[in-house]
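Architecture at a glance
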Amino acid sequence: VAPGPGLALLVGGGTGIASLYELARALLRAGRPVLVLLGARSQDDLIGRRDFEALDLELVCATEDGSHGVAGRVTEPLAERLRRAVGEASGASRAGIEVFAVGPTPMMRACAGIAAELGVRCLVSLENPMACGFGVCLGCAAPRAEGGFSLVCRAGPVFDAREIAWEGLP
């Protein structure tokens, strides 16, 4: 992870939250400003929240039942904060703003749409089922926006969200 001038917005939902902790630490060590947005059905599902609270970063939690943080889906505070970050930034710092998303496919799809609308790069970590892990079974194939498929086990699991044909994922 290289230092960048722009804000890194890490969005995690459900069990995908666990994947973001080490990324957050690496980005902080590299000197990046980091905003972590965690989403879950209820406060009991906010995995690792206390670990993120111990880091020197801004943390926003959203629960669908309103039991902790913002009531609703995590994509709502993402859209708000990303619009604000893009509006406040200029030049290289605007170009350096990135979204990193991992969690349920509908959440990542929404994050990708919000980022695309604002001209911000979005990286997603796909959680397709992988039977063999070598690209032989083709069970993890993800549809590409330009046609064809990528094997998540070989080419991923992290992809630029613009590369994915979201309508072809469950």
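Our structure's up above, just so we're on the same page.
Before going into details, it helps to say that this report is about the structure given with it. This is a predicted model, so every value here is computed, not measured.

Reading the values: rules and limits
- Residues numbered from 1 in each chain as written.
- Predicted model: local features only at pLDDT ≥ 70, side-chain atom pairs only at ≥ 80, totals over all residues.
- Heavy atoms only, no water.
- Pairing = 2+ DSSP bridges.
- Helix = DSSP H or I, 4+ residues; strand = E, 2+ residues; numbered from the N terminus.
- Contact = heavy atoms within 4.5 Å.
- Axes fitted to C-alpha atoms, helices over the stretch in contact; angles between N-to-C directions.
- Buried < 20%, exposed > 50% of the residue type's maximum accessible area, 1.4 Å probe, protein only.
- Phe/Tyr/Trp six-rings, centres within 6.5 Å; stacked < 30°, edge-to-face > 60°.

1. Observations regarding the sheet that holds strand E2 (residues 34–40)
- Taken in spatial order, the seven strands of this open sheet run E4-E3-E2-E1-E5-E6-E9, and their pairing is mixed. Of all the strands in the sheet, the pair left with one neighbour each is strand E4 (70–71) and strand E9 (158–160).
- Strand direction decides the pairing type here: strand E3 (residues 58–63) and E4, joined by two bridges, are parallel. Bridging from a neighbouring strand, threonine 63 pairs with alanine 71 of E4.
- Contacting strand E1 (8–13), strand E5 (98–102) and strand E6 (121–125), helix H5 (residues 105–117) runs over the sheet at an angle of about 170 degrees to E5.

2. Brief notes about unusual backbone geometry
- Cis geometry marks the peptide bond from glycine 156 to proline 157, where omega comes out at 15 degrees.
- Tracing the backbone through its elements, the reader meets proline 157 in the loop between helix H6 (152–155) and E9.
- In this model, leucine 138 sits at a positive phi of 65 degrees, which is unusual for a non-glycine residue.
- Relative to the assigned elements, leucine 138 resides in the loop between E6 and strand E7 (141–143).
- With a relative accessible area of 54%, leucine 138 lands in the exposed category.

3. Notes on the packing of aromatic side chains
- In this structure the tally under the stated criterion is one aromatic pair.
- Residues tyrosine 21 and phenylalanine 52 carry aromatic rings whose centres are separated by 5.7 Å and whose planes lie at 80 degrees to one another, so their mutual orientation is edge-to-face. Pair noted here: tyrosine 21 is in helix H1 (residues 20–29) and phenylalanine 52 is in helix H2 (residues 49–53), with a separation of 31 residues, a long-range link.
- What makes tyrosine 21 partly exposed here is its relative accessible area of 22%.

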